[in-house]
Structures are given as C-alpha cells and as structure tokens.
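In case you want the letters, here they are:
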Amino acid sequence: MNTFDAIRTYVLEIDWRYFTELVFGGLTKGSIYALISLGYTMVYGIIELINFAHGEIYMIGAFTGLIAAGVLGYYGFPAAGIIVVAAVVAVIYCSAYGYTIEKIAYRPLRSAQRLSPLISAIGMSIFLSNYVLIAQTQDFVRFPKLLPDIQFPEFFQGILRSSSFFIIVTSAVVMICLTLFIKFTRLGKAMRATAQNRKMAMLLGINADRIISATFIVGSGLAAIGGVLIASHTQQINFNIGFIAGIKAFTAAVLGGIGSIPGAMLGGLVLGCCESFATGYFISDYEDMVAFAILILILIFRPSGLLGKAKVQKV
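Residues numbered from 1 in each chain as written. Predicted model: local features only at pLDDT ≥ 70, side-chain atom pairs only at ≥ 80, totals over all residues. Heavy atoms only, no water.

> I'd like to hear about the pattern of salt bridges, residue by residue, with values.
Counted by the stated rule, this structure contains five salt bridges. Among the salt bridges present, the one from Arg110 reaches Glu102, with a minimum N-O distance of 2.4 Å. Residue classification places Arg110 among the partly exposed residues on the basis of a relative accessible area of 24%. Taking relative accessible area as the criterion, Glu102 reaches 0% and is therefore assigned buried. Residue Lys248 is joined to Glu275 by a salt bridge in which the shortest nitrogen-to-oxygen separation is 3.2 Å. One end of the pair, Lys248, is in helix H10 (residues 241-256); the other, Glu275, is in helix H11 (residues 261-281), with 27 residues separating them in the sequence. By relative accessible area, Glu275 is classed as buried at 0%. (Salt bridge = Lys/Arg side-chain N within 4 Å of Asp/Glu carboxyl O. Buried < 20%, exposed > 50% of the residue type's maximum accessible area, 1.4 Å probe, protein only. Helix = DSSP H or I, 4+ residues; strand = E, 2+ residues; numbered from the N terminus.)

> Before we move on, can you summarise the environment of Arg198 with the specific residues and values?
Position of Arg198 among the secondary structure elements: in helix H8 (residues 198-203). For the pair Arg198 and Gly256, spaced 58 residues apart in the sequence, the C-alpha separation amounts to 23 Å. Excluding its chain neighbours within four sequence positions, the residues that come into contact with Arg198 are Ile46, Ile47, Arg110, Ala193 and Ala208. (Contact = heavy atoms within 4.5 Å.)

Given below as structure tokens:
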C-alpha cells in the first residue's frame, strides 16, 4: 500500500459525525474564551495590566443574567425576550463593575511599580469571588433554559445543540461589531492611539483616563455576554466558574498574542478546539491540563503569540 492509499484509507475510517461534533464543541468553548480574552487583551494593550479580576466579571454576568431571568420569568415574559433582556442587564451591570474596579483598584496605582497593580488585580479577583459566595451560595445553581430549539438538517441532528449554534453566531456578530467599533469609531481610534503611545495621545488632546475606563467598560460588557451565553448552555453556574474560565481566556489571549484583538479571537477558537479534540480523542479527564500545557509551550517557544509582534525595547 502506497502513501496515497494509506491516507485515503485513514480518511475513510474517520467518524466524521463525531469529528464534526468535536469541532462544534471546540468552537462553542472557543467563542466564550474569545469573548472573555478580548477584555484581557484590550486592557493589556493600553495599560499593560493583566486584569485577573476579569474572570469574576464573567461570573457576575452569569449571576446577573440569572437574577434578571428570574424576575422577567415571574412576570411572564417569553423565553426569547428574557434571554435578550437578561443579557442587556448583565452587560450594563458588569460594565459598571468594570468601571468601578478600574477607578478603585487600578487607577490609584497607575504610577506605582508593576507588581502593585498585579497584586491589586489578584486581590480584587479573590474579593469578588468571595463576595458572590457570601451573597449567593457555594453550590451550583440551575440556570433556566432560555435559548429556543432549532431544527437542524439531518446530518447535524445530535451533533450540534441549539445553544452551541447561538453561542457561535452571537460571538461572531459581537466580535465583528467590536472590530468595526475599534476601527471606525472616534472612541475606537482613540483607544488604538492610546495603546500605541499614551503620552503622545494625551499631547494630542485624548483623555487617557477616560479611554482606559471605556476599555474596562467594553471588556466587562463582552465578558457579561459570555457569562449569560455559557450559563444558558450549561444550565448551571456557581461562584467559582470565573476562575478557570478567566485563566483559560488569559491563555487564549497569550496564545493569539496579547494586545492583539484578532489574536484574542483566534487564540480563543484555537484553544477551544484543542481542548475539544484532546478530550474527545485522548484524555477526557484532563481538559484543564491541555490549556495550561498550551500556555507553557507558547511562553517558551513563541512568547509574542500567533498574531502578536515582539516588542522592541525603546531607549
């Protein structure tokens, strides 16, 4: 048997339904990672800070969506309307959290040594996690099924869930809108200018503090959307979901090239697919290990990430 026949035999023996199921599973996870990692990469791109409290914002978004959904359901709102309104409420609430965190925990330390804001970020992460633990419960809480069911073509039945479809499509739309916002709006251009050279941007009349606050607001809103979407998908949440999701989203940001918005999107999708294929074909009990192994390899062999550019030290 020659090489061509061996490849042809291997391709024919692949269970394509199972392969497609893993692809959609990876895209679902990757879309959520991408939404969260955008907040990491936007903040780092402007002030070079790793906002380790960002995962907790994602978790708070899920709980806010749950509370809003419960109130709307009590008054008889239709499920399709509940998920939209709950997401909007979560975005507004988490955006306020992002603004407050930046103003209280990070802005006073803007001129401090690099380690001080990092410690503040870790402290804020622990504070928010324990705050939700006290305010809610340590147990998993059931999230209602709000996303409508879709009748897919026969091939996709059983391998693509309606919630996965909505997550992938919504994430794609949000990422496209963010890209257009950053590229064409006045605020987006100001963010890009501040990221390139904050001092020069301030000399040109850009209010850097306002731009940094807006970056936290936008990133927190994106994390809130991810929280509501994944809660609707898994139908359960608890106070600790933000930690692992935040670390994986940070891994996705580093993988794509932290500071690069397209890199954060690509990194999230690549990480999600790697996890899906690794757990589907090899080590189903060690999903989290895959993410951290990828993080270590990227930091060793390509610290700038897939789409990132190595920084030149200015003198």
